[in-house]
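Letter by letter, the chains look like this.
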Amino acid sequence: MKSVGIDAVEIWTGNLKLDLPGTFAEQMGDDPAKYTKGLGLNASSFPDSYEDIVTMGANAAHRLMERKGLEPDDIGRIDVATESAFDNSKPVSTYVAGCLEQVFEGDFHHANKGERKFACIAGTQSLDDAYNWIRAGRNRGRAALVIATDTALYARGDAGEATQGAGAVAMLISEDPDLVELSTEQGFGSADETDFLKPNQQFPSVDGKRSVQVYLARMREALVDYQREAGTITVDDFRYAPFHTPFPGMVRKAALLAYRHITRDTEIEDELAEDIGRQPREEAFDDEEAFHDAIREYMDALKGTDRYQEWYANTIEPTLTISREVGNWYTGSVHVARASALKHAAENDIDMAGEALLVGSYGSGAQAEIHTEVVQENWHEEIEALNVDDQLEARYDINWEDYEEIHDAHNHEMDVDIEPLTTPEGEFVFDGWGRMGERKYRFVD
Ligand code: HMG
């Protein structure tokens, strides 16, 4: 059977940075610890006035193609996953291809292009499409370019404003990949939910507290489905578990739930029982409320055990490092978590070849997907090539007035033209509007 997976990855962050415990908390009159400790965020990345989903996606893809020495003919498919699209007909992938054709010889006329939408899970769904296309043998030896790109902005004053972010992840999907091979096995948890949606509007309508519960419920459903397909798994089967990360505090909750679920009826539950008792079983309770209270009590105790804390520090914490500095990138978020984990491994001389990852994707509306990945021999070279730390470091730190202006400049309902705060260099920029209302782009050396 063909080995198919992610051959290479590149990350492109918005060029601005909003300091959450500093600039944002001060304006909101909040304790900075709500951001750093509660949500787990230090900063949001923001797009400058010349940046958008196309520029960030094309910039990530440009870096990726240059680094891998690719030409347009090597790419048979370009899929963009986004929930920030500005056109209901013409897909963002056509704009991205147009940008890339400005800087590469040749064109993408024979590449199949599309756009995937299902909130944040669309990035993983695009990986899926590319995987299936290659496994079906329809790729003619070519690779697929998958780009997850979003400007995850919320309306001013919405509780979600603290979790904003902007950036893109470009991934090359191919046979015999250099980074990770994707499992055939998948688990899904999917239901018609109204926790977060954008009914023909730019900023989401969000029921934040409910969205947290829906994330957990669908993720658990997906895990059960995955286990049905793949058989028994243990918490030690995976070196890292990158999850969709709207903010690190969300993953803190999801990881605890996953750990409880996976360790039920295992030796680990028996060993932990000496300190914290066994997990409450529903059949032992007369009413639901008492059962839920008992579960909450068990989770609190589990969270405090050395065993859980050690697992969390090794398996989950390293997946959150980049997210803490950038906020939610919607479709790119789980792919940032994977990169963050592998970067941690490279920096700590952990040999990852042959190790497994448990990947949990999620999109509001709602759907979760679980699959596993096996890290490949050349992973180290691929991860070392990332320059994400330099990009994060180079961001321009905006003050409150800048923030208010830049948020307005990206608000589709406002007509605000502001001077950029940074100077583009070696990147694509938004270059105004065309005669049919299309957006135009140019490469700046
Ligand atoms: P909020 O009401 O502003 O915050 O909204 P909070 O009061 O719930 O506080 C957040 C955490 O900080 C809590 O931790 C507090 O206790 C803690 P928790 O109890 O939940 O563990 N906290 C503090 N900790 C230490 N010191 C302090 C302090 N103060 C408070 N002084 C909410 C939070 C998540 C609702 C909001 O940010 C929101 O609406 N976010 C947008 C929706 C979202 O991100 N949902 C996540 C799940 S849905 C999802 O992931 C999909 C999504 O990516 C979209 C898509 O799929 O397209 C969003």
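Residues numbered from 1 in each chain as written. Predicted model: local features only at pLDDT ≥ 70, side-chain atom pairs only at ≥ 80, totals over all residues. Heavy atoms only, no water.

Asker: Honestly, the site of the ligand in this entry has me stumped. Any pointers?
Answerer: Surveying the vicinity of the ligand reveals 30 residues, the closest of which are Lys34, Glu83, Cys120, Lys209 and Lys253. Residue Asp31 places a side-chain N or O atom 3.0 Å away from a nitrogen atom belonging to the ligand. Interatomic distance of 2.7 Å between a side-chain N/O atom of Lys34 and an oxygen atom of the ligand. Across the complex, the protein chains shield 74% of the 1100 Å² of accessible surface that the ligand would expose by itself. If you list the elements that add at least two residues to the shell around the ligand, you get helix H2 (33-39), helix H6 (208-230), helix H7 (248-263) and strand E11 (356-363). Among the elements that take part in the shell around the ligand, H2 stands out by supplying five residues, more than any other. (Near = heavy atom within 4 Å. Polar contact = N/O pair within 3.5 Å; in protein donor to acceptor, adjacent residues only side chain to side chain. Areas by Shrake-Rupley, 256 points an atom, 1.4 Å probe, with all protein chains shown as cover. Helix = DSSP H or I, 4+ residues; strand = E, 2+ residues; numbered from the N terminus.)

Asker: Explain the UniProt feature "domain: Hydroxymethylglutaryl-coenzyme A synthase C-terminal" (unreviewed entry) in the protein chain here, please?
Answerer: Sites flagged by UniProt as "domain: Hydroxymethylglutaryl-coenzyme A synthase C-terminal" (unreviewed entry) map to residues 195-411. Secondary structure within residues 195-411 divides into 55% helix and 11% strand; the distance between the first and last C-alpha atoms comes to 22 Å. (UniProt positions renumbered as here; feature names shortened; annotations may be inferred.)

Asker: Can you walk me through the packing of aromatic side chains in this structure?
Answerer: The description of an aromatic ring pair uses the distance of the two centres, along with the angle that the planes make with each other. Under the defined criterion, the tally for this structure stands at 19 aromatic pairs. Between the aromatic rings of Tyr215 and Tyr362, the centroid separation amounts to 4.8 Å while the plane-to-plane angle is 45°, which identifies the pairing as tilted. One end of the pair, Tyr215, is in helix H6; the other, Tyr362, is in strand E11, with 147 residues separating them in the sequence. Each member of the pair, Tyr215 as well as Tyr362, carries the same accessibility label: buried. Judged by centre distance (6.1 Å) and plane angle (40°), the rings of Tyr308 and Tyr312 are tilted. Placement of both Tyr308 and Tyr312 in helix H10 (residues 306-315) is noted, with a separation of four residues, approximately one turn of the helix. Look at Tyr308 and you get buried, because its relative accessible area is 3%. For Tyr312, a relative accessible area of 12% translates into the label buried. (Phe/Tyr/Trp six-rings, centres within 6.5 Å; stacked < 30°, edge-to-face > 60°. Buried < 20%, exposed > 50% of the residue type's maximum accessible area, 1.4 Å probe, protein only.)

Asker: Is there a simple way to think about a positive patch on the surface in this case?
Answerer: Taken together, the side chains of Lys34, Lys209, Arg252 and Lys253 define a basic patch exposed on the protein surface. Mapped onto the fold, Lys253 is located in helix H7. (Patch = residues over 30% accessible without salt bridge, like charges linked within 9 Å, V, L, I, M, F, W, Y side chains within 5 Å. Salt bridge = Lys/Arg side-chain N within 4 Å of Asp/Glu carboxyl O. Lys, Arg positive; Asp, Glu negative; His and termini not counted. Charge placed at Lys NZ, Arg CZ, Asp CG, Glu CD.)

Asker: Could you clarify how one ought to interpret the environment of Glu405 in this entry?
Answerer: Tracing the backbone shows Glu405 in helix H15 (residues 400-409). For the pair Glu405 and Ile295, spaced 110 residues apart in sequence, the C-alpha separation works out to 46 Å.

Asker: Looking at this structure, I do not really get the pattern of salt bridges. What am I missing?
Answerer: Two side chains of opposite charge can pair, provided their charged atoms sit close to one another. In the structure shown here, the tally under the stated rule is 28 salt bridges. Among the salt bridges present, the one from Glu382 reaches Lys68, with a minimum N-O distance of 2.8 Å. With a gap of 314 residues between them, Glu382 in helix H13 (residues 379-384) and Lys68 in the loop between helix H3 (53-67) and strand E4 (75-81) connect regions that are remote in the sequence. When the shortest N-O distance is used, the salt bridge between Asp389 and Lys343 registers 3.1 Å.

Asker: How do you make sense of helix H5 (residues 122-135) when you look at a structure like this?
Answerer: An α-helix turns once per 3.6 residues; consequently, residues spaced three or four apart project the same way. Between its terminal C-alpha atoms H5 stretches 20 Å, which fits the 20 Å expected from 14 residues at 1.5 Å a residue. Burial within H5 is extensive, with 11 of its 14 residues counted as buried. What H5 keeps buried is the set Ala122, Gly123, Thr124, Gln125, Ser126, Leu127, Asp129, Ala130, Tyr131, Trp133 and Ile134. Once H5 finishes, Gly137 follows within two positions and takes phi at roughly 75°, a positive value. (Expected span 1.5 Å × (residues − 1).)

Asker: Whenever I open this one, the sheet that holds E4 confuses me. Can you help?
Answerer: Neighbouring strands of a sheet are bound in pairs by backbone hydrogen bonds; such pairs are parallel or else antiparallel. Taken together, eight strands build an open sheet; the order of strands is E5-E4-E6-E7-E1-E8-E12-E11 and the sheet is mixed. Edge strands, defined here as strands with exactly one partner in the open sheet, are strand E5 (112-116) and E11. Neighbour-to-neighbour, the strand axes of this sheet turn through a mean angle of 25°, independent of strand direction. Looking at chain direction, strand E8 (residues 180-190) and strand E12 (residues 367-375) are connected through eight bridges and run antiparallel. Bridging across to E12, Gly189 finds its partner in Ala368. (Pairing = 2+ DSSP bridges. Axes fitted to C-alpha atoms, helices over the stretch in contact; angles between N-to-C directions.)

Asker: What exactly am I supposed to notice about the packing of helix H9 (residues 288-304) against H10 here?
Answerer: Helix-helix packing is described using two parameters, namely the angle between the two axes and the distance between the axes. It is at 5 Å that the axes of H9 and H10 come closest, and there the two elements cross at 70°. Judged by the inter-axis angle, H9 sits roughly perpendicular to H10. The segment H9 lies against H10, with Leu302, Lys303 and Gly304 engaging Asp306, Tyr308 and Gln309. Class assignment for the residues of the contact of H9 with H10 results in two nonpolar, two polar and two charged. (Parallel < 35°, antiparallel > 145°, perpendicular 65-115°, else oblique. Contact = heavy atoms within 4.5 Å. Nonpolar A, V, L, I, M, F, W, Y, C, P; charged D, E, K, R; others polar.)

Asker: Looking at this structure, how should I read the sheet that holds strand E13 (residues 396-397)?
Answerer: The strand order across the open sheet formed by three strands is E3-E2-E13, and the pairing between neighbours is mixed. Whereas interior strands pair on both sides, the edge strands pair on one side only; in this sheet they are strand E3 (43-46) and E13. Note: strand E2 (residues 16-19) against E3, four bridges, orientation antiparallel. Bridge assignment links Lys17 to a residue of E3, and that residue is Ser45. Against the sheet, helix H1 (residues 20-28) contacts E2 and E3, and its axis sits at roughly 60° relative to E2.

Asker: What is the right way to look at the packing of H3 against helix H4 (residues 92-103) in this model?
Answerer: Interhelical geometry of H3 versus H4 gives an angle of 50° and a closest axis separation of 9 Å. Viewed along their axes, H3 and H4 adopt a mutual orientation that is oblique. In terms of crossing hand, the pair formed by H3 and H4 is right-handed. Across from Ile53, Val54, Ala58, Ala61, His62 and Met65 in H3, the residues of H4 making contact are Val92, Tyr95, Val96, Cys99, Leu100 and Val103. For the contact of H3 with H4, a count of residues per class yields 11 nonpolar, one polar and no charged. (Left-handed = near helix turned anticlockwise from the far one by under 90°.)

Asker: Explanation requested: the UniProt feature "domain: Hydroxymethylglutaryl-coenzyme A synthase N-terminal" (unreviewed entry) in the protein chain in the structure shown.
Answerer: Under the UniProt annotation, "domain: Hydroxymethylglutaryl-coenzyme A synthase N-terminal" (unreviewed entry) lies at residues 2-175. Taken end to end, residues 2-175 comprises 33% helix and 29% strand; its first and last C-alpha atoms sit 7 Å apart.

Asker: For this particular structure, what's the right way to read unusual backbone geometry?
Answerer: With the exception of glycine, the majority of residues adopt a negative phi angle, and the majority of peptide bonds are in the trans configuration. The peptide bond linking Gly365 to Ala366 adopts the cis configuration, its omega dihedral lying at 5°. Notably, Arg140 is not glycine yet its phi reads approximately 50°, a positive angle. Here Arg140 lies in the loop between H5 and strand E6 (143-152). What makes Arg140 exposed here is its relative accessible area of 66%. Within the chain, Asp176 stands out as a residue other than glycine whose phi angle is a positive 45°.

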